[in-house]
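An overview of the molecular structure
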Amino acid sequence: MANSSLLLYCLGHRRFSPSFRSFFFIPTCLALFTSLIIIFYISTTSILFSGHLHPSTVRLKPHLSSGSSSNTQENIPLPLHNDSKTPLVHFPRISPLEKNDDGGYKSQRSSKLQLVFNGIYVNNEVFHDRDIFLEDYKQMNRSFKIYVYPHRRDDPFANALLPVDFEPGGNYASESYFKKVLMKSHFITKDPTKADLFFLPFSIARLRHDPRIGVGGIQDFIRDYIFNISHKYPYWNRTGGADHFYVACHSIGRSAMKKAEDVKFNAIQVVCSSSYFLSGHIAHKDASLPQVWPRQEDPPNLTSSKRKKLAFFAGSINSPVRERLLQVWRNDSEISVHFGRLTTPYADKLLGSKFCLHVKGFEVNTARIADSLYYGCVPVIIANHYDLPFTDVLNWKSFSVVVATLDIPLLKKILKAISSDKYRMLQNNVLKVRKHFQWHVPPVDYDAFYMVIYELWLRRSSVRVS
């Protein structure tokens with residue numbers, strides 16, 4: 001200890017030579033000089049040090065379709081002028097380029113973009129990119145193929161493995177509709193070597209009601225089913241199930257794979273209960289199936305002028321989120337919240353409200369979003385972590401309002417802050433997208449069946465395993 005103190009004393013009172021002091025001085029100056037250069041660069045290029053955007057020109061390279069040549073890309077100058085009177089700058093329509101007769105290029109894309117003063121782009125169209133979707137949709141219809149593992153009608157579990165022979169109905173009809181329509185579609189191939197994906201045709205909803213299986217036996221059934229096909233056919237083992245998929249709408253579907261983890265982690269799960277919060281749901285691998293209560297008649301077409309209520313919800317109180325909603329808004333004159341049986345028709349309530357609330361129950365999903373869209377009511381989604389249906393394609397911000405569960409006390413303030421112009425935009429887009437949330441037998445272009453098929457097409461592998 002004494003030696004250490006003596007060393008510190010000597011160092012503290014020693015005078016270093018000028019050359020030794022310069023050894024520390026030079027890097028200190030370099031660090032200071034570098035800092036000054038960085039600050040100068042930031043101050044001249046960032047909007048953090050300026051109160052407004054300077055007039056400038058932004059050059060965008062238009063997105064070209066997969067069939068376009070890269071040598072046709074040109075920078076498109078877009079003048080930006082921003083002042084306090086014009087906080088929004090509207091871009092001209094941007095598109096892939098197509099040659100004119102005079103050798104120039106003309107625009108074919110129809111997306112509408114706005115540049116907000118802080119540099120955020122806002123898309124008010126119902127698609128993220130309509131032209132890319134339509135182009136992909138054509139390619140999907142031409143080439144996409146699905147192989148379904150075959151089962152005979154005398155199979156002991158034909159009721160759960162084959163499509164139903166009646167019109168599906170009820171809260172979980174989406175699962176049955178998909179299989180019923182798929183089996184008669186042009187996407188089916190009998191040749192597994194031509195398949196992009198393989199369909200596992202078991203029905204969770206049918207197994208649930210089968211007295212031989214029931215809720216407690218579904219996990220064993222799925223485990224045994226995968227074991228059987230993996231030993232009878234080579235296709236599962238080639239990829240570990242990565243090019244396979246199943247479809248389920250009942251919430252029990254997410255626990256049905258507990259004894260078949262390869263299905264949960266490798267296969268594509270097309271489920272209604274699609275939540276980012278669940279460990280078994282893997283975004284971008286799995287897809288969200290819209291929960292739709294089937295209706296056969298054509299949807300109504302009402303304008304906002306006939307909608308007197310601000311917002312409406314009806315349903316059982318089976319979650320803390322719904323309990324909170326009821327606690328805050330039960331006696332409000334503008335937000336109508338009901339539990340139990342309604343005294344007036346459900347359809348009349350939807351038709352008489354500007355906004356219709358989709359509130360998390362046992363799971364994030366209910367049929368209320370599809371109900372809202374069907375009746376021309378703007379859906380308000382109060383379900384944290386919900387991986388919304390067709391989110392790869394549809395721009396949900398253009399036809400719905402998402403409210404965090406913690407903001408339930410602010411619900412009226414949030415909805416009333418929406419301007420009449422924005423509401424008209426939201427409702428007009430609701431009328432555009434509701435066809436994507438309807439099932440038909442046979443299917444109709446861009447209906448729920450084709451949209452689910454498109455989500456599967458996006459998840460196919462670009463390399464076919466042989």
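The rules behind these values
- Residues numbered from 1 in each chain as written.
- Predicted model: local features only at pLDDT ≥ 70, side-chain atom pairs only at ≥ 80, totals over all residues.
- Heavy atoms only, no water.
- UniProt positions renumbered as here; feature names shortened; annotations may be inferred.
- Helix = DSSP H or I, 4+ residues; strand = E, 2+ residues; numbered from the N terminus.
- Buried < 20%, exposed > 50% of the residue type's maximum accessible area, 1.4 Å probe, protein only.
- Salt bridge = Lys/Arg side-chain N within 4 Å of Asp/Glu carboxyl O.
- Phe/Tyr/Trp six-rings, centres within 6.5 Å; stacked < 30°, edge-to-face > 60°.
- Lys NZ or Arg CZ within 6 Å of the ring centre and 35° of its normal.
- Disulfide = S-S within 2.5 Å.

As annotated in an unreviewed UniProt entry, the protein chain is Exostosin GT47 domain-containing protein from Hevea brasiliensis. Quoted verbatim from the Subcellular location (unreviewed entry) heading of the UniProt record, the comment on the protein chain is "Golgi apparatus membrane". Regarding the protein chain, the UniProt comment filed under Sequence similarities (unreviewed entry) reads as follows: "Belongs to the glycosyltransferase 47 family."

To continue, consider unusual backbone geometry. Note that the residue after Val441, namely Pro442, is joined by a cis bond; omega there is 0°. Tracing the sequence through the fold places Pro442 in the loop between α14 (420-433) and α15 (448-458). The backbone of His385 shows a phi angle near 70°, a positive value even though the residue is not glycine. Mapped onto the secondary structure, His385 falls in the loop between β16 (378-382) and β17 (401-402). In this structure, Phe390 takes a positive phi of about 60° despite not being glycine. Assignment of secondary structure puts Phe390 in the loop between β16 and β17. Residue Phe390 is classed as buried on the basis of its relative accessible area, which comes to 1%.

Under the counting rule described, the total for this entry stands at 14 salt bridges. Arg295 is the partner of Asp371 in a salt bridge, and the nearest nitrogen-oxygen pair spans 2.9 Å. With a gap of 76 residues between them, Asp371 in helix α12 (residues 368-374) and Arg295 in the loop between β12 (287-288) and β13 (309-314) connect regions that are remote in the sequence. Overlapping salt bridges, with partners in common, bring together Asp220, Arg223, Asp224 and Lys259 in one network.

Any pair of aromatic rings gets described here by the distance separating the centres and the angle formed by the planes. In total, this model carries 33 aromatic pairs according to the counting rule given. Centroid distance Tyr147 to Tyr149: 5.9 Å. Interplanar angle 80°. Geometry classified as edge-to-face. According to the relative accessible area criterion, Tyr147 is buried, its value standing at 9%. On the numbers, 6.1 Å between centres and 25° between planes, the contact of Tyr233 with Tyr235 is stacked. Each member of the pair, Tyr233 together with Tyr235, is buried. The residue whose ring lies beneath Lys354 is Tyr423, and the NZ or CZ to ring-centre distance is 4.7 Å. The aromatic ring of Trp457 is capped on one face by Arg460, whose charged end is 3.8 Å from the ring centroid.

With that out of the way, let us pick up the state of the cysteines. Across all of its chains, the model carries 2 disulfides by this definition. Residue pairing for Cys249: its cysteine sulfur links by disulfide to Cys272, the two sulfurs lying 2.2 Å apart. Given an S-S torsion of about -95°, the disulfide between Cys249 and Cys272 has left-handed geometry. Pair noted here: Cys249 is in the loop between β10 (244-248) and α9 (261-266) and Cys272 is in the loop between β11 (268-271) and β12, with a separation of 23 residues, a long-range link. The buried category is assigned to Cys249, whose relative accessible area is 1%. On the basis of relative accessibility, which here comes to 1%, the residue Cys272 falls in the buried class. The side chain of Cys356 participates in a disulfide bridge whose partner is Cys377; the two sulfur atoms lie 2.1 Å from each other.

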